[in-house]
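# Structure assessment
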Amino acid sequence: MRGDYLSELSRAVRWCLPPAEAVEVLGEIAADRAEEELRRELGSPWSAARQLAQTKAYRRWVAVFAVLTACILLPAVLPLLSKLSDIVIFRFHTYGVDWLWWFISLCDKVVPFRGGLLLTGMALALAGFRHGSGEERRQPLPKGVVPLLALLLAGMVFEWVIAWVTLAMIWPGMPSEIVISLPLAMTLDMFSMGIVGIFALVKARMADRRWRAVYILALTGSILGLSIFSLWTRMDVLFSDTGWQTPILLRYIAITTLGLVGMGGCLC
């Protein structure tokens, strides 16, 4: 079908090259040339795009993308897998489900590194993309950025509600169904944030670098959710100690504030 090759070539070039370079290259190679001619000269779109990209720069980008992906998927996915594994183990005490404990233990191992994941993800998101032009910054925000930011903020508000329920010690008097469902609902919220963050990361590379704001807010929500989830699952917290909520609350405030500042920086 006509247009398919150029569309695929455009996606490939925008992935392999920074946005400004991609636009320039596409303008040069596709100007007044038929698709069949491009297909004969360049070959498949992705092989052509990789040849156009500088090898070191492209490998550096792939490495940055891999780290950014890990920073958001670990806190976004592991709590959900841990919760689902916990439910399966609780309901089915049969041979063959013991390996599910691996997800629970892996989630517990990631929790101490949540601060490093947040700082690493934010730093790479801010520094791992080339600076946009002044003309780009004067343009309206890409379509979809504002709705997704609003959706992520709503998800973080939900996490803060769960944090308030936990820190105010309201959950012991709540029905057992709600106590069980709230952590699962929050893990689904975090998982959704991870998917949105990966989508925004790809858009930041292929379209407009200001999509990084969505990634940073999604990362922040995932890390905040992981912190709250770890509090729900810890059995060694001395709830009887006076003022035990203060350091935990300050940690949640620091995570949220840092994420909002990083989001604002990406929108400028």
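Located above this text is the structure these notes cover.
Residues numbered from 1 in each chain as written. Predicted model: local features only at pLDDT ≥ 70, side-chain atom pairs only at ≥ 80, totals over all residues. Heavy atoms only, no water.

## Topic: the overall build of the chain
Where we set the bar: In this description a helix means any DSSP run of H or I spanning at least four residues, a strand means any run of E spanning at least two, and both kinds are numbered starting from the N terminus. In this scheme, a residue with accessible area under 20% of its type's maximum is buried, one over 50% is exposed, and one in between is partly exposed, where area comes from a 1.4 Å probe on protein chains only. The criterion used for residue contact is that any of the two residues' heavy atoms lie within 4.5 Å.
A tally of regular secondary structure across the chain gives 12 helices and 0 strands. The order of helices and strands in the chain, counted from the N terminus, is α-α-α-α-α-α-α-α-α-α-α-α. Expressed as a percentage of its 268 residues, the buried residues of the chain come to 43%. Taking as baseline every contact in the chain between residues at least 6 positions apart, the subset at least 24 positions apart corresponds to 83%.

## Quick look at the packing of helix α7 (residues 114–127) against helix α11 (residues 212–233)
Each pair of packed helices can be described by the angle between their axes along with the distance between the axes. Going by this rule: Axis definition: a line fit to C-alpha positions, over the contact stretch in the case of helices; interaxial angles, taken between N-to-C directions, run 0 to 180 degrees. Under this scheme an angle from 65 to 115 degrees is roughly perpendicular, one under 35 degrees roughly parallel, and one over 145 degrees roughly antiparallel; angles in between are oblique.
Two numbers describe how α7 lies on α11: the axes approach to 10 Å, and their chain directions differ by 180 degrees. In terms of axis orientation, α7 runs roughly antiparallel to α11. Between α7 and α11, the residues in contact are R114, L117, L118, G121, M122, A125 and L126 and R212, Y215, I216, L219, T220, I223, L226 and S227, respectively.

## Re the environment of V202
Along the chain, V202 falls in helix α10 (residues 176–206). In this structure, the C-alpha to C-alpha distance between V202 and Y215, residues 13 residues apart in sequence, is 9.5 Å. Once residues lying within four places of it in the same chain are set aside, the contact partners of V202 are W15 and F65.

## Points about the side chain of S222
To keep it simple, the criterion reads: Here a polar contact is recorded for every N or O atom pair within 3.5 Å, except that within protein the pair must consist of a potential hydrogen donor and a potential acceptor, and residues adjacent in sequence are included only if both atoms are side-chain atoms.
With respect to the secondary-structure elements, S222 resides in helix α11. At a separation of 3.0 Å, a polar atom in the side chain of S222 contacts the main-chain carbonyl oxygen of A218. Every residue in contact with S222, bar those within four places of it in the chain, is listed here: I72, P75, A76, M190, M193 and G194.

## Remarks on the pattern of salt bridges
Side-chain pairs of opposite charge can arise where the charged atoms are in close proximity. Selection rule: For this analysis, a salt bridge means a side-chain nitrogen from Lys or Arg found within 4 Å of a carboxyl oxygen belonging to Asp or Glu.
Tallied over the entire structure, the rule returns 2 salt bridges. With a shortest N-O distance of 2.6 Å, R11 and E8 are connected by a salt bridge. Taken together, the residues span about one helical turn, with R11 and E8 both in helix α1 (residues 4–16) at a distance of 3 residues. On the basis of relative accessible area, R11 is assigned to the partly exposed category, the value being 42%. E8 sits in the partly exposed class, given a relative accessible area of 25%. Taking the shortest distance from any N to any O, the salt bridge between D208 and R210 comes out at 2.9 Å. Here D208 matches R210 in class, with each residue buried.

## Points about a nonpolar patch on the surface
Filter applied, for reference: Residues form patches when they are more than 30% accessible in relative terms and have no salt bridge. Like charges link within 9 Å. Nonpolar side chains (Val, Leu, Ile, Met, Phe, Trp, Tyr) link within 5 Å. The accessible surface values rely on the Shrake-Rupley method and a 1.4 Å probe; as for residues, cover is taken only from the protein chains in view.
There is a patch of nonpolar side chains on the surface, built from L249, L250 and I253 and spanning about 250 Å² of accessible area. Residue position: I253 is located in helix α12 (residues 245–267).

## A closer look at the packing of helix α9 (residues 145–167) against α12
Filter applied, for reference: Residues were grouped as follows: Ala, Val, Leu, Ile, Met, Phe, Trp, Tyr, Cys and Pro as nonpolar; Asp, Glu, Lys and Arg as charged; and all remaining residues, including Gly, as polar.
Interhelical geometry of α9 versus α12 gives an angle of 175 degrees and a closest axis separation of 12 Å. In terms of orientation, α9 lies roughly antiparallel with respect to α12. Contact residues: α9 offers V145, L149, L153, M156, W160, A163 and L167, while α12 offers Q245, I248, L249, Y252, I253, T256, L260, M263 and L267. Its residues placed into classes, the contact of α9 with α12 shows 14 nonpolar, 2 polar and no charged.

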